[in-house]
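# Overview (structure and organization)
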Amino acid sequence: MAHTNESVVSEFVLLGLSNSWELQLFFFAIFSLVYVTSVLGNIMIIVIISSDSHLNSPMYFLLSNLSFIDICQSNFATPKMLVDFLVEHKTISFEGCMAQIFLLHSFVGSEMMLLVAMAYDRFIAIWKPLHYSTIMNRRLCIIFVFISWAVGILHSVSHLAFTVDLPFCGPNEVDSFFCDLPLVIELACMDIYEMEIMTLTNSGLISLGCFLALIISYTIILITVRRRSSSGSSKALSTLTAHITVVILFFGPCIYFYIWPFSRLSVDKFLSVFYTVCTPLLNPIIYSLRNEDVKSAMRKLRNRHVNSWKN
């Protein structure tokens, strides 16, 4: 990813979350715990789903792929942020900065589309329960996962194609702990109004589009469940609360950042922490602690290992 001859910036300075050494050490301890818990928790979900035949269903197949995306999202910027808490000069190369932008939008775009696929799965489970296994077959689930990654990567490439050719001639300070697209394009030595409009259109539309699709599907599901009292509908509804919680906590900060990209507040970088560092922790907490099937599978896996150790 080479930048134009007009760019003289070879690296960016990340201002991080705070200038206080004591506060940085505190953040290092807290976010290290969040990072390790997030990665191990999502790995645990994938292992549990793959090892338990009772979880061999479309919903859990999509959930394991969501956990994989969250593992990727946990690693695109958080390890560097943790290292930067312990060093005085927080810098990142131009290529590294562009890579962070690409990875963030790839993972976030993929997760948005996968959440829509999971909502469709719940919609079919309640709307057409007798045809659920026929409609939501493994082939369709694989197609959903492929489309999610394809949309995420194309969404990211469309951003990066314009960003890498921007002229950066200073200043080179990014007021965050990673290279966030709106903050980076602000540093370009040119009028960036058109770039901001493109960012708004690209990220804003995909965020709002997926969010509205999810809200509509969940509304239809809730209306349908109120008219029915079957056990299948009740079981499908039991996972709905977890899905809605993830959607609200995930889409809230994303929509905030990319619907209003023109003004920045000091609190914005802390919201960035939420959707880049804390969001990947949502899956292990919400889906494991609120889902009886997953908790049952966890107990069986634990008992299996305990018995194997005893023998």
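Since the model is a prediction, treat every value here as computed from it, not as a measurement.

About the thresholds
Residues numbered from 1 in each chain as written. Predicted model: local features only at pLDDT ≥ 70, side-chain atom pairs only at ≥ 80, totals over all residues. Heavy atoms only, no water. Core = buried A, V, L, I, M, F, W, Y, C linked by side-chain atoms within 4.5 Å. Buried < 20%, exposed > 50% of the residue type's maximum accessible area, 1.4 Å probe, protein only. Helix = DSSP H or I, 4+ residues; strand = E, 2+ residues; numbered from the N terminus. Contact = heavy atoms within 4.5 Å. Phe/Tyr/Trp six-rings, centres within 6.5 Å; stacked < 30°, edge-to-face > 60°. Disulfide = S-S within 2.5 Å. UniProt positions renumbered as here; feature names shortened; annotations may be inferred. Axes fitted to C-alpha atoms, helices over the stretch in contact; angles between N-to-C directions. Parallel < 35°, antiparallel > 145°, perpendicular 65-115°, else oblique. Left-handed = near helix turned anticlockwise from the far one by under 90°. Nonpolar A, V, L, I, M, F, W, Y, C, P; charged D, E, K, R; others polar. 1 Å grid on protein atoms, 1.4 Å probe; cavity = no way out; pocket = protein on both sides within 12 Å on 5 of 7 lines; lining within 4 Å. Points joined across faces, edges and corners; volume = space filled by probe spheres on them.

## Digging into the nonpolar core
In this structure, Phe-31, Leu-62, Leu-63, Met-112, Leu-115 and Phe-251 are the most contacted members of the largest nonpolar core, which totals 68 residues. Per-element tally for this core: the top contributor is helix 4 (residues 94-127), with twelve residues. Residues within four places of Leu-115 in sequence aside, it is in contact with Leu-66, Leu-214, Val-246, Phe-250 and Phe-251. Counting residues in hydrophobic clusters, the runner-up holds 22 residues, among them Leu-14, Leu-160, Phe-168 and Leu-181.

## What to know about the packing of aromatic side chains
Throughout the structure, instances matching the rule amount to 15 aromatic pairs. When the centroid spacing of 5.7 Å and the interplanar angle of 85 degrees are considered together, the rings of Phe-76 and Phe-178 count as edge-to-face. One end of the pair, Phe-76, is in the loop between helix 2 (58-75) and helix 3 (78-84); the other, Phe-178, is in the loop between strand 3 (173-174) and helix 7 (181-185), and 102 residues separate them in sequence. Just as Phe-76 is buried, Phe-178 falls in that class too. Grouped by ring-pair contacts, the aromatic residues Phe-26, Phe-27, Phe-31 and Phe-85 constitute a single cluster.

## Notes on the state of the cysteines
Each disulfide consists of one covalent bond between the sulfur atoms belonging to two cysteines. Tallied over the full model, the rule gives two disulfides. The disulfide partner of Cys-97 is Cys-179, and the S-S distance across this bridge is 2.1 Å. The sign of the S-S torsion, about -120 degrees, decides the handedness of the disulfide formed by Cys-97 and Cys-179: left-handed. You can see Cys-97 sitting in helix 4 and its partner Cys-179 sitting in the loop between strand 3 and helix 7, a full 82 residues away along the chain. We note that Cys-97, like Cys-179, is buried. Covalently, Cys-169 is tied to Cys-189 through a disulfide, its sulfur atoms 1.8 Å apart. Measuring the twist about the S-S bond at about -130 degrees, one finds the Cys-169-Cys-189 disulfide to be left-handed. Residue Cys-169 is found in the loop between helix 6 (138-163) and strand 3, and its partner Cys-189 is found in the loop between helix 7 and helix 8 (193-227); the two are separated by 20 residues along the sequence.

## Focus on the UniProt feature "transmembrane region" (unreviewed entry) in the protein chain
In the numbering used here, UniProt assigns the "transmembrane region" (unreviewed entry) feature to residues 25-48, 60-78, 98-120, 140-162, 205-225, 237-259 and 271-289. Taken end to end, residues 25-48 has its terminal C-alpha atoms 34 Å apart, with 100% of it in helix and 0% in strand.

## Section: the packing of helix 2 against helix 4
Put simply, helix 2 and helix 4 touch, their axes get as near as 10 Å, and they point 165 degrees apart. In terms of orientation, helix 2 and helix 4 fall into the roughly antiparallel class. Read as a crossing pair, helix 2 and helix 4 show a hand that is left-handed. In contact with Pro-58, Met-59, Leu-62, Leu-63, Asn-65, Leu-66, Ile-69, Asp-70, Cys-72 and Gln-73 of helix 2, helix 4 contributes Phe-107, Val-108, Ser-110, Glu-111, Leu-114, Leu-115, Ala-117, Met-118, Asp-121 and Arg-122. Looking at the contact of helix 2 with helix 4 residue by residue, the classes come out as 13 nonpolar, three polar and four charged.

## Quick notes on empty space enclosed by the protein
If you walk through the whole model with that rule in mind, you get two cavities of 30 Å³ or more. Approximately 50 Å³ is the volume found for the second largest cavity. Gly-16, Leu-17, Met-81, Asp-84, Phe-85, Lys-90 and Phe-177 are the residues that line the second largest cavity. Class assignment for the residues of the lining of the second largest cavity results in four nonpolar, one polar and two charged.

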